[in-house]
Amino acid sequence: MPNPPAIDVFFARNSRREKPDVADRLVPRRNFDTANATETFQARDLDVLGSTPECPARRGYHHLLKQNLAQPSRSLNFFNPRKNQAASCNNVESGFPAAPPRRLKNIFEEKALHAPEVLHRQRATLLDWSVTNLVAVALNGEVYIMSAREGSDMGVKKLDCIPDGTHVTSLAFACDGVHLAVGLSSGWTQLFNTEDNQKIRSIKDAHNVKVGAVSWNEATLTTGYKDGTMVHSDTRVLDHVVNKFKGHSGAINGLSWSGDLQCLASGGADSTVKIWEMAKTQPLQELKGHKGATKAIAWSPHCPTNLLTGSLDETYLYSWNASTGKMLQKVNTKFPVSSIEWCPFQKEFLAAHCSGTGSIYGWSYPSMKMTTKWTGHTKPVIDTALSPDGKRMLSISSDCTVRVWKAFKEEAVDEPMGEPHDGFRRHCTIR
């Protein structure tokens, strides 16, 4: 059957049209030939621009054409912006600058006290802060006591009866905040009553080995020695030894009882951290991972089984589950760690470094992100001590200063922290 006349006229009319060899400028086509289209646009636009092929305006115009036309043939290209962004930031050749490091909040000390004759030994424990707001500072062969309470007229007192020719290697206040244990290089451990500045007794075992660390559990004092021996002593009785055993194969540098006083963590020069119970001579757990002597040990106040440890010989800080012995996290702090202090209000902690300029950094937990930098010391930090309310901290350094810092603040409290430790303001030196 022949086509109607109107349809014949329509096809005849359209067949006489010249079909261009290029795609329409407004409607993209899947079989679009980029090379032919670019040549066609170049030929057409010579007349439009009215210029020769060597004209700079023409070269710039066609450069833009090539950039815009030399794209994949698909009209829509799907991609992952996060992936591309990460690749561009990490790839130096991408042309994008690397992301700048996050700026840390700088914290400066409230006061610096001159502390001459500081013992320049990173394994020593030279500071402690009692629950009654008394501070003990060891300077070579002398121990000084001062009050951090506001309005106190105590001044700075020196403890007597420490033998000449010995130096203090470790000290710790008892749970009552009155009695102080002082470990000496001669192997003796002396007990003082800080209320009347009197020595109560001296404790020594059968060997003349330096005391490495001391820690209290109520009236029981745990002492760690340079040869790895550990002794539990009941300070209320004459025959004081409760338990004595070999704890580490090297010197013991750190001891810390947990917050509930059920477990003891010990760090030694054999690169291990061990968890103990009072009545047992075999460890509950042996935490392995450190590559150097461990001294910094801190139990979390938020989780009784969580433990942070740091080494004097490596830059890694470890987080452990002390009940299972599992290592939870490992972070590179860039400097060896001499002391760790937990925040009692939030999941944060401070790590003091015993190399370089003695920086102190604040960290968030469990993200292990560095948040603050504490600037003040010019030499390595030997030890730190946190106030009983958790709002102030002391640090002692090889630069012969003891510095007072604002440590942590309760988030729920909007008013200023005040000055609960105004006792430091009346002193400029330890002596």
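For clarity, every value in this text was computed on a predicted model and none was experimentally measured.

Draft legend 1. Looking closely at unusual backbone geometry. Residues Tyr365 and Pro366 are joined by a peptide bond in cis, for which omega reads 10°. One non-glycine residue with positive phi stands out, namely Glu218, at about 55°. The topology assignment puts Glu218 in the loop between β11 (211–217) and β12 (220–225). The backbone of Ser271 shows a phi angle near 70°, a positive value even though the residue is not glycine. With respect to the element layout, Ser271 can be found in the loop between β16 (264–268) and β17 (272–276).

Draft legend 2. Focus on the pairing of β12. Most of β12 sits out of view: 6 of its 6 residues are buried. Here β12 shows two buried faces, one formed by Thr220, Thr222 and Gly224 and the other by Leu221, Thr223 and Tyr225. Sheet topology places β11 next to β12; 6 bridges connect them, and they run antiparallel. In the strand pairing of β12, Ala213 is matched with Gly224. Hairpin geometry of β11 and β12 is characterised by an intervening segment of 2 residues between the two adjacent antiparallel strands and by a positive phi of about 55° at Glu218. Sheet analysis places β12 next to strand β13 (residues 229–234), joined by 5 bridges and oriented antiparallel. The residue of β13 that forms the bridge with Thr222 is His232. In sequence, β12 turns back onto β13 through a hairpin of 3 residues, with Gly228 there showing a positive phi of about 90°.

Draft legend 3. Main features of the nonpolar core. Core analysis: the biggest nonpolar cluster contains 35 residues, and Val143, Leu180 and Ile396 have the highest contact counts within it. Going through the elements one at a time, β3 (127–129), β4 (134–139), β5 (142–147), β7 (168–173), β8 (179–184), β27 (381–386), β28 (392–397) and β29 (401–406) are the ones with two or more residues in this core. No other element matches the 6 residues that β4 contributes to this core. Apart from the residues lying within four places of it in its own chain, the contact partners of Leu180 are Ala136, Val143, Ile145, Leu159, Leu171, Ala172, Phe173, Gln190, Leu191, Phe192 and Thr194. If you look at the next biggest cluster of nonpolar residues, it comprises 15 residues, including Val337, Ala351, Met368 and Met370.

Draft legend 4. Spotlight on the pattern of salt bridges. Going through the model one piece at a time under the given rule, you end up with 6 salt bridges. The closest approach of N and O atoms between Glu110 and Arg392, which form a salt bridge, is 2.8 Å. With Glu110 in the loop between β1 (105–108) and β2 (111–114) and Arg392 in strand β28, this pair connects stretches of sequence that are 282 residues apart. Classification of Glu110 by relative accessible area gives partly exposed; the value is 32%. Each member of the salt-bridge network shares a partner with another, and the members are Glu109, Asp399 and Arg403.

Draft legend 5. Spotlight on the sheet that holds strand β14 (residues 241–246). The strand order across the open sheet built from 4 strands is β11-β12-β13-β14, with neighbouring strands paired in antiparallel fashion. Strand pairing shows two members of the sheet lacking a second neighbour, β11 and β14, which therefore form its edges. Going across the sheet, the axis of each strand differs from the next one's by a mean of 15°, ignoring polarity.

Draft legend 6. Fine view of the sheet that holds β17. Strand order in the open sheet made by the 4 strands is β15-β16-β17-β18, with antiparallel pairing throughout. Two strands bound the open sheet, and with one partner strand each, they are β15 (252–257) and β18 (285–288). Along the sheet, successive strands turn relative to each other by an average axial angle of 20°, direction set aside. Two elements, β16 and β17, share 4 bridges in a ladder whose sense is antiparallel. If you follow Gly267 over to β17, its bridge partner there is Val273.

Draft legend 7. Geometry of the packing of aromatic side chains. With the rule as written, the count across this model stands at 6 aromatic pairs. With a centroid separation of 4.9 Å and 45° between ring planes, the pair formed by Phe245 and Trp276 is classed as tilted. A residue pair is termed long-range when its members are at least 10 positions apart, and Phe245 in strand β14 and Trp276 in strand β17 qualify at 31 residues. Three or more aromatic residues joined by ring pairs form one cluster here, namely Trp342, Phe349, Trp363 and Tyr365.

Draft legend 8. Just the confidence of the model for the protein, in detail. The predicted model of the protein averages 80 in pLDDT, with 72% of residues at 70 or higher. This stretch, residues 73–102, has a pLDDT under 50; its non-local contacts, to residues over four places away or in other chains, come to 10 contacts. Taken together, the stretch residues 412–420 has pLDDT below 50 and engages in 17 contacts with residues farther than four places along the chain or on a different chain.

Draft legend 9. Summary view of the environment of Leu328. Within the secondary structure, Leu328 sits in strand β22 (residues 326–332). Look at Leu328 and you get partly exposed, because its relative accessible area is 39%. Distance from Leu328 to Pro366, taken between C-alpha atoms, is 9.4 Å for residues 38 residues apart in sequence. Contact partners of Leu328, with chain neighbours within four places excluded, come to Asn306, Ser319, Trp320, Asn321 and Tyr365.

Draft legend 10. Up close: the pairing of β16. With respect to burial, β16 is a largely interior element, 5 of its 5 residues being buried. The side-chain alternation of β16 yields two buried faces, one formed by Leu264, Ser266 and Gly268 and the other by Ala265 and Gly267. Pairing of β15 with β16 involves 5 bridges; the strand directions are antiparallel. Paired with Leu255 across the bridge in β16 is Ser266. The loop that links β15 with its antiparallel partner β16 comprises 6 residues; one of these, Leu261, has a positive phi angle of about 60°. In this antiparallel pair of consecutive strands, β16 and β17, the connection spans 3 residues, and Ser271 shows a positive phi of 70°.

Draft legend 11. Representation of the side chain of Asn306 within the structure. Tracing the sequence through the fold places Asn306 in strand β20 (residues 306–311). For Asn306, a relative accessible area of 4% puts it in the buried group. Only 3.4 Å separates the side chain of Asn306 from the side chain of Ser319, close enough to count as a polar contact. Side chain to side chain, Asn306 and Tyr365 meet in a polar contact 2.9 Å long. Excluding residues within four positions of it along the chain, Asn306 makes contact with Ala298, Trp299, Ser300, Ser319, Trp320, Leu328, Trp342 and Tyr365.

Conventions used here
Residues numbered from 1 in each chain as written. Predicted model: local features only at pLDDT ≥ 70, side-chain atom pairs only at ≥ 80, totals over all residues. Heavy atoms only, no water. Helix = DSSP H or I, 4+ residues; strand = E, 2+ residues; numbered from the N terminus. Buried < 20%, exposed > 50% of the residue type's maximum accessible area, 1.4 Å probe, protein only. Pairing = 2+ DSSP bridges. Core = buried A, V, L, I, M, F, W, Y, C linked by side-chain atoms within 4.5 Å. Contact = heavy atoms within 4.5 Å. Salt bridge = Lys/Arg side-chain N within 4 Å of Asp/Glu carboxyl O. Axes fitted to C-alpha atoms, helices over the stretch in contact; angles between N-to-C directions. Phe/Tyr/Trp six-rings, centres within 6.5 Å; stacked < 30°, edge-to-face > 60°. pLDDT = per-residue confidence, 0-100. Polar contact = N/O pair within 3.5 Å; in protein donor to acceptor, adjacent residues only side chain to side chain.

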